[in-house]
Amino acid sequence: MVFIINKTLLKNIYKEIKKYDEIVIARHTGPDPDAICSQIALRDSIKETFPNKKVYAVGAGVAKFKKFGNLNKVNYAELHNPLLVVLDVPNLYRVDGIEELKYTSILKIDHHPKEDIKGNVDWTDMEKSSTCQMVAELVLYTKLKLTKKVAENLFLGMVSDSERFSLKNTTYETLDTAKELIRLSKIDFTSLYDILYTRPLGEHKFMAYITNNLVVDENKFGYIIINDETLKEFNVDVATPSNLINNYNFIEELLVWTFITEDVKNNQYKVSIRSRGPIINNIASKYHGGGHKYASGAKVMNQEEIQNLISDLSKACQDYGDSKL
Ligand code: AMP
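A brief report on the enclosed structure follows. (Residues numbered from 1 in each chain as written. Predicted model: local features only at pLDDT ≥ 70, side-chain atom pairs only at ≥ 80, totals over all residues. Heavy atoms only, no water.)

1. Concerning unusual backbone geometry
Thinking step 1. Even without glycine at this site, Asp88 takes up a positive phi of about 65°.
Thinking step 2. Secondary-structure assignment places Asp88 in the loop between β3 (83–87) and β4 (105–110).
Thinking step 3. The class of Asp88 is buried, set by a relative accessible area of 1%.
Thinking step 4. Phi is positive for Lys186, which is not a glycine, with a value near 55°.
Thinking step 5. Here Lys186 lies in the loop between α5 (172–185) and α6 (189–197).
Thinking step 6. The exposure class of Lys186 is exposed, given its relative accessible area of 63%. (Helix = DSSP H or I, 4+ residues; strand = E, 2+ residues; numbered from the N terminus. Buried < 20%, exposed > 50% of the residue type's maximum accessible area, 1.4 Å probe, protein only.)

2. Some points on a positive patch on the surface
Thinking step 1. A cluster of basic side chains, namely Lys11, Lys15, Lys18 and Lys143, defines a positive patch on the protein surface.
Thinking step 2. Residue position: Lys15 is located in helix α1 (residues 7–19). (Patch = residues over 30% accessible without salt bridge, like charges linked within 9 Å, V, L, I, M, F, W, Y side chains within 5 Å. Areas by Shrake-Rupley, 256 points an atom, 1.4 Å probe, with all protein chains shown as cover. Salt bridge = Lys/Arg side-chain N within 4 Å of Asp/Glu carboxyl O. Lys, Arg positive; Asp, Glu negative; His and termini not counted. Charge placed at Lys NZ, Arg CZ, Asp CG, Glu CD.)

3. What about the site of the ligand?
Thinking step 1. With respect to spatial proximity, 17 residues lie near the ligand, and among them His112, Ser272, Arg274, His288 and Gly297 are the closest.
Thinking step 2. Between the ligand and Ser272, the relevant distance is 2.5 Å, taken from an oxygen atom to a side-chain nitrogen or oxygen of the residue.
Thinking step 3. Between Gly297 and the ligand, the recorded distance is 3.1 Å, taken from a backbone N or O atom to an oxygen atom.
Thinking step 4. With the chains in place, 89% of the 480 Å² that the ligand exposes on its own is no longer accessible.
Thinking step 5. Residues belonging to the shell around the ligand are distributed by class as follows: three nonpolar, ten polar and four charged.
Thinking step 6. A domain split of the shell around the ligand shows at least three residues from each of domain 1 (7–196) and domain 2 (201–323). (Near = heavy atom within 4 Å. Polar contact = N/O pair within 3.5 Å; in protein donor to acceptor, adjacent residues only side chain to side chain. Nonpolar A, V, L, I, M, F, W, Y, C, P; charged D, E, K, R; others polar. Domains from an automatic or database assignment.)

4. Observations concerning the side chain of Lys53
Thinking step 1. Mapped onto the secondary structure, Lys53 falls in the loop between α2 (33–49) and β2 (54–57).
Thinking step 2. No salt bridge is formed by the buried Lys53. Its closest oppositely charged neighbour is Asp21, at 4.6 Å.
Thinking step 3. Contact partners of Lys53, with chain neighbours within four places excluded, come to Ile17, Lys18, Lys19, Tyr20, Asp21, Ile23, Ile46 and Lys47. (Contact = heavy atoms within 4.5 Å.)

Put into structure tokens, the structure is as follows:
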């Protein structure tokens, strides 16, 4: 291994895990594969290492992510001040399913810019491609056990958040960590891509709809507003556009693109934004959102906010273009 691992930090995280008999592992609402896979892999690894501990992965389930493993239903009243592990989320309000939980201490592992959650033991590193990469490093370089299933989930989360190791967050460390997972657990990694990328034809038709209806302006900014009727027409849900948005990463005419999807249940619009140049998370945070420099999400409540968001993002593209002149 050539890159430097912060062994002291990893040891402290391991010690913190070892200290508690009861551990609740949470992640953000509206989970993606990185959030779910890191949560399930860490739970399974801790259970494998310490069979007597009670370890729970909590939060609302998502039907299409069942293939990664089951989540736990927990009666928090029966717990005795457990350790709360927070994965893949920096803001307390976005942690799913812990409203009723009374915990002693927080262990945070995350690759987003810091917000309000401060772990008593805290590993926040924006340079990591995914939370799964961080959990993989924790498992690989401490006494936590690596099973085939744990390795598979960690690999899937890494592939998903780095868009098959193609995004700028992918580093030598990312590839080295993925290689170690494969070497040690002998996972059939090429078959795993099916789990992430095989989709019903309906979703491909929906992608064609997005491509055909994306509005692209002179600043290389693209957007589409997807209403509930359209979601129903293609038999997809409000989370689907976020799962597809990385597929638009290699379009010459786009610097920034956003999908603004009507979320009837919550009476708002769910926004996903991606960039190949301008920094966008500062704009996302103006609209009840946040995320990474080049991959962010937000929520907008009405047409006025939609129009403001569109003009802010277009302006960011214009400024970026001007700065390159
Ligand atoms: P998405 O487009 O939903 O895949 O989200 C891209 C990134 O932005 C992920 O890192 C999310 O955790 C983050 N994100 C999405 N929505 C929000 C939000 N409302 N507030 C803060 N961060 C968000």
